[in-house]
2 protein chains.
Amino acid sequence: MSNAGQLRFRAGISDEPMPLSNQRDFVAALPVSSEIVERAMDRLLPVNGDPEVRLVEAMRYAALGGGKRLRAFFVLASSTLFSVAQIPAARVAAAAEFVHAYSLIHDDLPAMDDDDLRRGQPSCHKKFDEATAILAGDALQALAFEVLAHPDTHGDPAVRVQLVTALAQAIGPRGMVGGQMLDMIAEQRSLSIDETTRLQRMKTGALIAFSCSAGAILGKASDAARLSLSAYAHDVGLAFQIADDLLDVEGTAEGLGKTPGKDAAQGKATFVSLLGLERARDQASRLADQAALHLESFGPRGDLLKQAARFVVDRRV
Amino acid sequence: MSNAGQLRFRAGISDEPMPLSNQRDFVAALPVSSEIVERAMDRLLPVNGDPEVRLVEAMRYAALGGGKRLRAFFVLASSTLFSVAQIPAARVAAAAEFVHAYSLIHDDLPAMDDDDLRRGQPSCHKKFDEATAILAGDALQALAFEVLAHPDTHGDPAVRVQLVTALAQAIGPRGMVGGQMLDMIAEQRSLSIDETTRLQRMKTGALIAFSCSAGAILGKASDAARLSLSAYAHDVGLAFQIADDLLDVEGTAEGLGKTPGKDAAQGKATFVSLLGLERARDQASRLADQAALHLESFGPRGDLLKQAARFVVDRRV
């Protein structure tokens, strides 16, 4: 009954190396990457036609409602380093974006960050209702694991269980969900810079690290290559979060597609509140440079990911 | 960082066939099975000591707070049919109970069934708060997949991805979560008997079917054996739900450990409201007999599961 395996048959995507491998320019590559993953997501998501249509609609609304698709980009770009074909990479990218979408749905709930806007649209529980939003998030998590475990993701089951393990650890109590718990606690008491760093490495960094490592897992890369990518992901993830904190202070609702200034309003410790604007900006920039250095061993093939690190800190949305 | 793999090392459980394989009496076997799975769950759950201690506490509170452990029993009993060793079976049983615990946490939320009592104790969001409950459920789902994908669950990665796939499908939009969505919709409009059957097959039946099939997957059973078990699970799952509906009408809060009469109060279509008490009772009993018939090919080794089918409809809690 599941349609998680139908990408290959319905997509008409060949098993050729993906278009991204010809790209050397991040600004041109990002929309290519977005298109690849959104096509994959569209085909992997359940389709309407059942009484529980409301759930399917909410899953599709939240997952296909835009976004930078940075996690997908990290999966696809890291996959090009190891000549991984398009279908496996697109499926893993879709799984990462499903998890990201689920985490946003649950984070936006009234009991959590209570946010009415997401990507310039009503957040899932505003568009539907709270129960539907909770269930859509739950279902997107299950779908992500189903996609990873399916034979179309990789012919070798050992690779597929590695992906499942890496994702489960990245988004469990020691990863994304644990980080979100710390974030809720941070509304009640102020965190130190070390605690804030740990929070962000878990809340945002762990899924970004999974996305950057996914190409290495799919491509059965050497331990050395995996270590380089994981060091890159470590720095990029933190840089990303500092940039997010800066945008929360400097951005507008129109540009962000979400409500700015919420962190301060909720009394949350951010890198900006802890370091001040200027030092936070410097720190993000330094991390982007440091991230790029970890990719030296890949030569020019690492250019896209190097540019991505710079984009992450310079972005205005 | 994860402790999902530590069962083998911390448990001191040998790789001998499990105690359950000597049991022929369901009433004696159920507590043995509960003890095995609760020991496994205790060791697989994260332990306190981090700032996000609240999340860990909520996960442990919800997962270790008692219950019949019927899903664990189905995993362990089906595993004995194929001489599966104790550690793999206990790990998969723990994964099934983690998912069950997660589904109860989310079902009890104010936006869902809004239940303050679970197993005679405050439900998770009453004991902690809504945000913590949402996150604890999310983390338990991730933990279940992490446990299944770990090498200690089975030496063959192909078996582990089969388990991941089977669980993901059982609890996704075409399974448990889809069923819960239908259940929410049922508060707004009345469902037919066919729709109610479909709802329950998804909401409760799919995870029970996974639990009954798990032993066959772990034991690399023949297609014929898998089909027998899946037919058994199909009937037992529905019988279980009809019995649940009967208990909702006939039970007391003290006996049930949850609030009785909620389904009727919420205007939900149940088998009792659709069929009446007597016909519902007959139907459950007929399904239990039918379930047992599917196990004939296993001979006396199928006795435990046959008795379980009877217990499911005769239980008073």
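None of these values were measured; they are calculated from a predicted model.

In terms of regular secondary structure, chain A is built from 16 helices and two strands. Taken over 317 residues, chain A has a buried fraction of 58%. For chain A, restricting intrachain contacts to residue pairs at least 6 apart in sequence, the fraction spanning at least 24 positions comes to 73%.

Another aspect to go through is the packing of helix α7 (residues 130-149) of chain B against helix α8 (residues 157-171) of chain B. Residue and element names in this part refer to chain B. Direction vectors running N to C along α7 and α8 enclose 155°, while the axes themselves pass 8 Å from each other. Relative to α8, the element α7 lies roughly antiparallel. On α8, the residues touching A144, F145, L148 and A149 of α7 are R160, L163, V164 and L167. Partitioned by chemical class, the residues of the contact of α7 with α8 number seven nonpolar, no polar and one charged.

The subject of this paragraph is the interface of chain B and chain A. Size of an interface, as often reported, equals the accessible area lost when the parts are brought together. If you look at the interface, chain B gives 47 residues, while chain A gives 47 residues. Considering each element in turn, the side of chain B that touches chain A owes the most residues, 13 residues, to α7 of chain B. A class-by-class count of the residues in the side of chain B that touches chain A yields 29 nonpolar, 10 polar and eight charged.

Superposing chain B onto chain A takes a rotation of 180° plus a shift of 0.0 Å along the axis, which leaves an RMSD of 0.0 Å. Look at the turn and shift together and you get a two-fold axis relating the two. By residue overlap, the copies meet face to face through one surface: 100% of the interface positions of chain B are interface positions in chain A.

What follows concerns the environment of V75 of chain B. Residue and element names in this part refer to chain B. Locating V75 in the fold gives a position in helix α4 (residues 70-80). Each C-alpha atom, one on V75 and one on A95, is 10.0 Å from the other, the two residues being 20 residues apart in sequence. Setting aside its immediate chain neighbours within four residues, V75 contacts A89, V92, A93, A96, S211, A214 and G215.

Attention now moves to the environment of V99 of chain B. Residues and elements named next belong to chain B. Checked against the element boundaries, V99 lands in helix α5 (residues 86-108). Considering only alpha carbons, one finds V99 and Q241, 142 residues apart in sequence, at a separation of 18 Å. Residues within four places of V99 in sequence aside, it is in contact with Q141, A144, L167, I171 and L207.

Once that is clear, we can look at the environment of H294 of chain B. Residues and elements named next belong to chain B. Tracing the backbone shows H294 in the loop between α15 (277-293) and α16 (303-314). A residue is classified by how many C-beta atoms lie within 10 Å of it, and H294, with 22 of them, is buried. With 59 residues separating them in the primary sequence, H294 and D235 have C-alpha atoms 9.4 Å apart. Not counting residues up to four positions away in its chain, the partners in contact with H294 are S228, A231 and Y232.

By size, the foremost hydrophobic cluster in this structure holds 217 residues, and its most contacted members are L167 and A239 of chain A together with L167 and A239 of chain B. Setting aside chain neighbours within four positions, we find L167 of chain B in contact with A95, V99, A144, L148 and F210 of chain B.

Okay, helix α16 (residues 303-314) of chain A next. Residues and elements named next belong to chain A. Here α16 is 12 residues long and its end C-alpha atoms lie 17 Å apart, about the 16 Å a rise of 1.5 Å per residue gives. Turning to α16, its buried residues are L304, L305, K306, A308, A309, V312 and V313. If you follow the buried residues of α16, they end up packed against α2 (26-44), α4 (70-80), α11 (223-250) and α15 (277-293).

All right, on to the confidence of the model for chain A then. For chain A, per-residue confidence averages 87 on the pLDDT scale, and 87% of positions sit at 70 or higher. This stretch, residues 1-14 of chain A, has a pLDDT under 50; its non-local contacts, to residues over four places away or in other chains, come to 26 contacts.

Before going further, it helps to examine unusual backbone geometry. All names here are of chain A. Positive phi outside glycine occurs at D114, with the angle close to 50°. Residue placement: D114 occurs in the loop between α5 (86-108) and β1 (117-118). Residue classification places D114 among the partly exposed residues on the basis of 15 C-beta atoms within 10 Å. Of note in this structure, K220 is not a glycine but carries a positive phi near 45°. Structurally, the position occupied by K220 is in the loop between α10 (193-218) and α11. C-beta crowding within 10 Å serves as the criterion here: with 15 such atoms nearby, K220 is assigned to the partly exposed category.

Let's shift gears to α15 of chain B. Helix length check: α15 of chain B (17 residues) gives 25 Å between terminal C-alpha atoms against 24 Å at 1.5 Å per residue, within 8%. Those residues of α15 of chain B hidden inside the fold are in contact with α11 (223-250), α14 (271-275) and α16 of chain B.

Thresholds applied
Residues numbered from 1 in each chain as written. Chains lettered and ligands numbered in written order. Predicted model: local features only at pLDDT ≥ 70, side-chain atom pairs only at ≥ 80, totals over all residues. Helix = DSSP H or I, 4+ residues; strand = E, 2+ residues; numbered from the N terminus. Buried ≥ 20, exposed ≤ 12 C-beta atoms within 10 Å, placed from the backbone. Contact = placed C-beta atoms within 7 Å. Axes fitted to C-alpha atoms, helices over the stretch in contact; angles between N-to-C directions. Parallel < 35°, antiparallel > 145°, perpendicular 65-115°, else oblique. Nonpolar A, V, L, I, M, F, W, Y, C, P; charged D, E, K, R; others polar. Least-squares fit on C-alpha atoms with pLDDT ≥ 70 in both. Core = buried A, V, L, I, M, F, W, Y, C linked by C-beta atoms within 7 Å. Expected span 1.5 Å × (residues − 1). pLDDT = per-residue confidence, 0-100.

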